[in-house]
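Geometric and topological summary
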Amino acid sequence: MKKLAFGFFLISLLSGFVSDKNDIFPLIRNESFTRGEVIKFKMTYGIFTVGKGSATIAPTYYKVNDRHCFKVDVMGKTVGMVSWVSDVDDQWGAYIDTAALVPHQFYRKIREGRYKKDEWTNFDHSNRKIEVKTIDNKTGKFKEPQFYEAPAHVRDMIGGFLYLRVMDFSKLKIKDTVTISGFFEDEFYKLKIIYQGKETIKIKAGKVRALVFKPVMPKNDLFDGENSITAWFSDDKNRIPLKIDAKMFIGSAGVELIEYSGLKSPLNIVK
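Before going into details, it helps to say that this report is about the structure given with it.

How each quantity is defined
- Residues numbered from 1 in each chain as written.
- Predicted model: local features only at pLDDT ≥ 70, side-chain atom pairs only at ≥ 80, totals over all residues.
- Heavy atoms only, no water.
- Phe/Tyr/Trp six-rings, centres within 6.5 Å; stacked < 30°, edge-to-face > 60°.
- Helix = DSSP H or I, 4+ residues; strand = E, 2+ residues; numbered from the N terminus.
- Buried < 20%, exposed > 50% of the residue type's maximum accessible area, 1.4 Å probe, protein only.
- Lys NZ or Arg CZ within 6 Å of the ring centre and 35° of its normal.
- Contact = heavy atoms within 4.5 Å.
- Salt bridge = Lys/Arg side-chain N within 4 Å of Asp/Glu carboxyl O.
- 1 Å grid on protein atoms, 1.4 Å probe; cavity = no way out; pocket = protein on both sides within 12 Å on 5 of 7 lines; lining within 4 Å.
- Points joined across faces, edges and corners; volume = space filled by probe spheres on them.
- Nonpolar A, V, L, I, M, F, W, Y, C, P; charged D, E, K, R; others polar.
- Core = buried A, V, L, I, M, F, W, Y, C linked by side-chain atoms within 4.5 Å.

1. A word on the packing of aromatic side chains
How two aromatic rings sit relative to each other is set out by the distance from centre to centre and by the angle between their planes. With the rule as written, the count across this model stands at 10 aromatic pairs. A centroid spacing of 5.7 Å and a plane angle of 50° characterise the contact between Y195 and F213, whose relative ring orientation is tilted. With Y195 in strand β11 (residues 187-203) and F213 in strand β12 (residues 206-215), this residue pair connects regions lying 18 residues apart in the sequence. Taking the relative accessible area as the measure of exposure, Y195 reaches 6% and is therefore buried. On the accessibility criterion, F213 (6% relative accessible area) is buried. Judged by centre distance (6.2 Å) and plane angle (85°), the ring pair of F213 and F233 falls under edge-to-face. Pair noted here: F213 is in strand β12 and F233 is in strand β13 (residues 229-234), with a separation of 20 residues, a long-range link. Residue F233 is classed as buried on the basis of its relative accessible area of 3%. Three or more aromatic residues joined by ring pairs form one cluster here, namely F169, Y195, F213 and F233. The ring of Y61 has R35 lying over it, and the distance from NZ or CZ to the ring centre is 4.1 Å. The aromatic ring of Y163 is capped on one face by R155, whose charged end is 3.9 Å from the ring centroid.

Here you go:
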């Protein structure tokens, strides 16, 4: 079941950054996204469409910990006959600081067949603490929270995804490697991503100029080798994900942009 929800997991592999600045909430220049943005995807397995997903930035600001925040909601759901075999309906969300692009709260509502998980992660950047709490499925009440010591400006996967979109890649050369790190569920992680250059790819929206990346995958039971994933992001100020291809031990899978609205800048479509 979790294999069918792989699309947003792949995106999360390209996210989750830790900044090296000392300010608690450093101002990060953002020319890439704004309120009201909606991007939608289809998820494929082989030649079949097995799921759909979306990432939405709410049209209004929210206030958390006395800070203005973007509210971001991400969903991934199986569709068609696949839902009869393995129904997946996952929702993730976060309140992301509008200035520093760090999370104040991250939450997951996972529904994968009989598997269910409701989790909230609270980030205390002033004291460098992370609190993770989950709901007991039997009692419906929160279990005892888990606490973690955190580095400065640690990000969840949604905050990391937004931070990725504002990074300056203009000085990267082909084969340059970027090491990224972050926090997810109950652990801190690091991942190497190799820049592959630029390409023009064809998707439903048209032909789009793209930046190409390959995350170096750790050994696992899902993806076939360390170079099994390729991701394309738009080569413009938006930096939205356009396409992800993955070679798996039991076939090939992918994620592709099918619809978008509310972008801050025009998509770099080749005419």
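2. Concerning the side chain of T121
Along the chain, the position of T121 falls in strand β7 (residues 115-124). When near neighbours in sequence (up to four residues on either side) are disregarded, T121 contacts H104, Q105, F106, I130, E131, V132 and F183.

3. A look at the environment of Y163
Turning to its location among the elements, Y163 is positioned in helix α3 (residues 157-166). On the basis of relative accessibility, which here comes to 17%, the residue Y163 falls in the buried class. Taking C-alpha positions, Y163 is 8.8 Å from N30, a pair spaced 133 residues apart along the chain.

4. Here's the deal with the pattern of salt bridges
If you walk through the whole model with that rule in mind, you get 13 salt bridges. One salt bridge in this structure joins E259 and K40, with 3.9 Å as the shortest N-O distance. With E259 in strand β15 (residues 251-261) and K40 in strand β1 (residues 38-45), this pair connects stretches of sequence that are 219 residues apart. For E259, a relative accessible area of 44% translates into the label partly exposed. For K40, a relative accessible area of 33% puts it in the partly exposed group.

5. Quick notes on empty space enclosed by the protein
Here the idea is plain: a probe the size of a water molecule rolls over the atoms and shows the empty space left. Using the criterion set out here, one finds three cavities of 30 Å³ or more in the structure. Reported here for the second largest cavity is a volume of approximately 50 Å³. Taken together, 11 residues make up the lining of the second largest cavity; nearest its centre are L164, F169, V178, I193 and F213. Those elements that place two or more of their residues in the lining of the second largest cavity are β10 (177-184) and β11. Per element, the largest residue contribution to the lining of the second largest cavity is three residues, and it comes from β11. Considering only residue class, the lining of the second largest cavity consists of 10 nonpolar, no polar and one charged.

6. Regarding the nonpolar core
One finds I39, V72, I130, I158 and L242 to be the most contacted residues of the largest nonpolar core, which totals 55 residues. Residue contributions to this core peak at seven residues, all from α3. Contacts of I39, omitting those with residues within four sequence positions, involve G53, S54, A55, F161, I240, P241, L257, E259, Y260 and L263. Counting five residues, the second-largest nonpolar core is a separate cluster that includes C69, Y95, Y107 and W120.

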